[in-house]
Amino acid sequence: MNLLIMGPPGSGKGTQSKLVVEKYGLVHISTGDIFRKAIKEKSELGHLAKSYIEKGEYVPDDIVCEVIEDRLAEDDCKNGFLLDGFPRTIYQAVKLEQMLEKLNKKIDHVLKIDVDPYVLVKRRAGRRVCSNCGSSYHLEFKPPVTKGACDKCGHAIVQRADDTEETAFKRLDIYLKSTYPLVEYYDAKELLRNIHGFGTIERVFFRINRELEKYDNH
Ligand code: AP5
Ligand code: MG
């Protein structure tokens, strides 16, 4: 099974992706995570991506597409993958289709997480990520066992550089203008699965499973 997850910044894509890939044995491909890792490693890609991400802007389509094309060709994608944060523009979606055609693959479902803007602000404001391994937490909804430290590696948890109030609004605005048109694009292909994103992490995951099982039975 090959999946795609979309939704506004802070809607819970990364959080749900972790649970979905574990349950269904898929590879998690998050463009945001790939860029943050590249920035940390100070690679050429990281250098390119940094200026855009910190301003809350999208990285240029061609750079992102190249990253994904290389990643999808890797061996571990053979048994299914979940794309988180890609595609984000119609251009990227068309490119993705061409890449998958070459690999003789297709997307089976597009999970769209819907969340109220008020909830988004709250989720993003409380988000903390590990400065070392990138694991994600929330001060109120998913706190680490030890205050301020990552459960997995013990390093300090920090606020993401693009989680400032200023970039938060800019990111939502860009999402609505550039990414939201994908809803119609995938709806026309009958791939869109709407998931209510309110409620607890477990509740949202339950809805995703219910949706996927529905299609599994047909
Ligand atoms: P990316 O990292 O993908 O950021 P994003 O889309 O802005 O989404 P987020 O990661 O901020 O939110 P999320 O939906 O994953 O929510 P999370 O699970 O963390 O991309 C970053 C940047 O990279 C982009 O802005 C762009 O510059 C660039 N980029 C990436 N891909 C690109 C592309 N294709 N093209 C161009 N540029 C690209 O949850 C948020 C918080 O809420 C967490 O603290 C979590 O614990 C908590 N939470 C989650 N679910 C719940 C729940 N149900 N109840 C309570 N709390 C919850
Ligand atoms: Mg994310």
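For the structure itself, look to the data block above.
Residues numbered from 1 in each chain as written. Chains lettered and ligands numbered in written order. Predicted model: local features only at pLDDT ≥ 70, side-chain atom pairs only at ≥ 80, totals over all residues. Heavy atoms only, no water.

(A) Region of interest: the sheet that holds strand S6 (residues 136-138). Sheet architecture is open: 3 strands sit in the order S6-S5-S7, paired in antiparallel fashion. Taken across any chain shown, the strands that pair with only one partner, and hence form the sheet edges, are S6 and strand S7 (157-158). Contacting strand S5 (127-130) and S6, helix H6 (residues 117-125) runs over the sheet at an angle of about 35° to S5. (Pairing = 2+ DSSP bridges. Helix = DSSP H or I, 4+ residues; strand = E, 2+ residues; numbered from the N terminus. Contact = heavy atoms within 4.5 Å. Axes fitted to C-alpha atoms, helices over the stretch in contact; angles between N-to-C directions.)

(B) Here's a closer look at the site of ligand 1. Residues in contact with ligand 1 amount to 33 residues; listed here are only the nearest, Thr15, Glu57, Arg88, Arg127 and Arg171. Side-chain polar atom of Arg160 to an oxygen atom of ligand 1: 3.0 Å apart, as the coordinates give it. Isolated, ligand 1 exposes 1000 Å² of accessible area, and the fraction of that covered by the protein chains is 97%. At the level of secondary structure, the elements contributing two or more residues to the shell around ligand 1 comprise helix H1 (13-24), helix H2 (31-40), S6 and helix H9 (201-216). Counting residues per element, the shell around ligand 1 draws most heavily on H2, which supplies 4 residues. Per-class residue counts for the shell around ligand 1 are 12 nonpolar, 12 polar and 9 charged. (Near = heavy atom within 4 Å. Polar contact = N/O pair within 3.5 Å; in protein donor to acceptor, adjacent residues only side chain to side chain. Areas by Shrake-Rupley, 256 points an atom, 1.4 Å probe, with all protein chains shown as cover. Nonpolar A, V, L, I, M, F, W, Y, C, P; charged D, E, K, R; others polar.)

(C) Representation of the sheet that holds strand S4 (residues 109-114). Reading across from one edge, S2-S3-S1-S4-S8 is the order of the 5 strands in this open sheet, with parallel pairing throughout. The sheet terminates laterally at strand S2 (27-30) and strand S8 (192-196), the two strands that pair on one side only. Neighbouring strand axes in the sheet, compared pairwise and without regard to direction, differ in orientation by 20° on average. As paired strands, S2 and strand S3 (residues 81-84) are joined by 4 bridges and run parallel to one another. Residue Ile29 lies in a different strand from S3, and its bridge partner there is Leu83. Taken strand by strand, helix H4 (residues 61-72) contacts S2 and S3, and its axis lies near 170° from that of S2.

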